[in-house]
Amino acid sequence: MTRTAMAPSAEEMQWAMAEASGEALAVAPGWFRAWPTASQKFSAVNIRSSTQLIVNHSREDDRHPNSWTVRALFGPHAVELHVGPYETKEEATLVAHAILTLAYRA
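Computed from a predicted model, the values in this text were never measured in an experiment.

**Structural notes on the side chain of S67**
Okay, so step 1: Inspection of the secondary structure puts S67 in the loop between β3 (52-57) and β4 (68-74).
Okay, so step 2: Residue classification places S67 among the buried positions, given a relative accessible area of 13%.
Okay, so step 3: The residues touching S67, leaving out its near neighbours within four places in the chain, are N56, H57, S58, P85 and Y86.

And the structure:
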């Protein structure tokens with residue numbers, strides 16, 4: 001069975017860019033808000049210094065059961081970005097792509 005991937009529409013990409021832009025910080029390219037740990041009130045990470053950006057199914061996470069989130073990996077540490085959660089993997093993937101687009105825009 002062959003599955004053909006459809007390119008996102010202009011409206012879908014505009015939505016994803018708006019989602020990503022809402023959590024981008026103006027301090028320098030690549031900085032985005034992340035969910036803080038228990039002891040922090042605010043958290044930010046530089047996507048340019050991450051090793052990977054992943055879309056994660058959160059069924060094992062009590063905060064977002066059966067949802068999709070975007071996480072940045074820094075070696076063995078995962079940090080959930082302050083976007084989403086999303087109902088579908090496709091939505092989360094579009095936002096992850098938009099985050100990378102914004103992070104590496106010169």
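Next comes the rest of the account.
**Remarks on the pattern of salt bridges**
Okay, so step 1: One pass over the structure, following the stated rule, counts two salt bridges.
Okay, so step 2: The salt bridge involving E23 is made with R33; its shortest N-O contact spans 3.7 Å. Of this pair, E23 sits in the loop between α1 (10-21) and β1 (31-34) while R33 sits in strand β1, placing them 10 residues apart in sequence.
Okay, so step 3: Given the relative accessible area of 16%, E23 is considered buried.
Okay, so step 4: Among the residues examined, R33 registers a relative accessible area of 27% and is labelled partly exposed.
Okay, so step 5: Across the pair E80 and R71 runs a salt bridge, and its minimum N-O distance is 3.4 Å. Side by side, E80 and R71 carry an identical accessibility label, which is buried.

**Some thoughts on the side chain of E23**
Okay, so step 1: Within the structure, E23 has its side chain in polar contact with the side chain of H82 (distance 3.3 Å).
Okay, so step 2: In this structure E23 touches W31, F32, R33, H82 and V83, once residues within four positions along its chain are discounted.

About the thresholds
- Residues numbered from 1 in each chain as written.
- Predicted model: local features only at pLDDT ≥ 70, side-chain atom pairs only at ≥ 80, totals over all residues.
- Heavy atoms only, no water.
- Helix = DSSP H or I, 4+ residues; strand = E, 2+ residues; numbered from the N terminus.
- Buried < 20%, exposed > 50% of the residue type's maximum accessible area, 1.4 Å probe, protein only.
- Contact = heavy atoms within 4.5 Å.
- Salt bridge = Lys/Arg side-chain N within 4 Å of Asp/Glu carboxyl O.
- Polar contact = N/O pair within 3.5 Å; in protein donor to acceptor, adjacent residues only side chain to side chain.

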